[in-house]
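Chains, contacts and geometry: an overview
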Amino acid sequence: QVHPVESGGGLVQAGGSLTLSCAESGRTFDAYDMGWFRQAPGKEREFVAAISWKGDSAYYSDSVKGRFTISRDNAKNTVWLKMNNLKPEDTAMYYCAAHGGSNWYKGIVSEYDYWGQGTQVTVSS
């Protein structure tokens with residue numbers, strides 16, 4: 001099992017940048033595909049970005065493409081989500097999740113086996 005722990009959230013002005021981290025202190029992430037999701041109050045949890053276990057493939061939702069970058073360093077057991085040009089609509093709780101199966105529908109919440117507790121990102125206008 002893996003137990004993702006998110007950090008790096010906070011308050012930022014529109015147009016600013018923020019980098020979220022997802023780490024595991026014990027079991028490594030190197031065998032898991034990893035995803036970032038977000039959820040605003042009263043809304044469904046939505047896909048943001050994902051990266052394959054090797055780190056050779058990355059995927060983004062249309063709403064963040066060109067602004068966000070997902071990366072990982074398996075030696076450091078860490079996944080990052082760098083968020084640039086933040087908008088108020090990006091305000092949400094951001095969750096890191098791990099997928100350990102052989103088949104991966106990366107944008108679907110139910111595909112992920114392990115979830116972190118979330119870190120809040122608030123973008124002011």
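So, a few notes on the structure that sits alongside this text. (Residues numbered from 1 in each chain as written. Predicted model: local features only at pLDDT ≥ 70, side-chain atom pairs only at ≥ 80, totals over all residues. Heavy atoms only, no water.)

**Some points on the environment of Val-121**
Among the structural elements, Val-121 can be located in strand E11 (residues 119-124). The contact partners of Val-121, leaving out residues within four places of it in the chain, are Gly-9, Gly-10, Leu-18, Leu-20, Met-83, Asp-90, Thr-91, Ala-92 and Tyr-94. (Helix = DSSP H or I, 4+ residues; strand = E, 2+ residues; numbered from the N terminus. Contact = heavy atoms within 4.5 Å.)

**Describing the pattern of salt bridges**
Counting across every chain of the model gives four salt bridges. For Arg-38, the salt bridge identified is with Glu-46, shortest N-O distance 2.7 Å. A salt bridge links Lys-65 to Asp-62; the nearest nitrogen and oxygen atoms lie 3.6 Å apart. The exposure classification of Lys-65 matches that of Asp-62, with both residues exposed. Linked by salt bridges that have partners in common, Arg-38, Glu-46, Arg-67 and Asp-90 make up one network. (Salt bridge = Lys/Arg side-chain N within 4 Å of Asp/Glu carboxyl O. Buried < 20%, exposed > 50% of the residue type's maximum accessible area, 1.4 Å probe, protein only.)

**Re the state of the cysteines**
Counted by the stated rule, this structure contains one disulfide. The disulfide partner of Cys-22 is Cys-96, and the S-S distance across this bridge is 2.0 Å. Measuring handedness by torsion sign, the sulfur bridge of Cys-22 and Cys-96 sits at about -80° and is left-handed. In this pair, Cys-22 is assigned in strand E3 (residues 18-23) and Cys-96 in strand E9 (residues 92-99), connecting sequence segments 74 residues apart. The exposure classification of Cys-22 matches that of Cys-96, with both residues buried. (Disulfide = S-S within 2.5 Å.)

**Here's the deal with the sheet that holds E3**
Paired through backbone hydrogen bonds, the strands of a sheet run either parallel or antiparallel to each other. Across the sheet, four strands lie side by side as E1-E3-E8-E7; this open sheet has antiparallel pairing. A strand with exactly one partner marks an edge of an open sheet, and here the two such strands are strand E1 (5-7) and strand E7 (68-73). With direction set aside, neighbouring strand axes in the sheet form an average angle of 15°. Relative to strand E8 (residues 78-83), E7 runs antiparallel, the two being bridged by six bridges. Residue pairing for E8: Asp-73 is matched across the bridge by Thr-78. (Pairing = 2+ DSSP bridges. Axes fitted to C-alpha atoms, helices over the stretch in contact; angles between N-to-C directions.)

**A few points about the pairing of E11**
Every second residue of E11 is oriented toward a common face, the buried set being Thr-119, Val-121 and Val-123 and the non-buried set Gln-120, Thr-122 and Ser-124. Note that strand E2 (residues 10-13) and E11 share four bridges and pair parallel. Bridge pairing links Val-12 to Val-123 in E11. Of the pairings in the sheet, the one linking E9 to E11 comprises three bridges and is antiparallel in character. Counterpart to Met-93 in the pairing with E11 is Gln-120.

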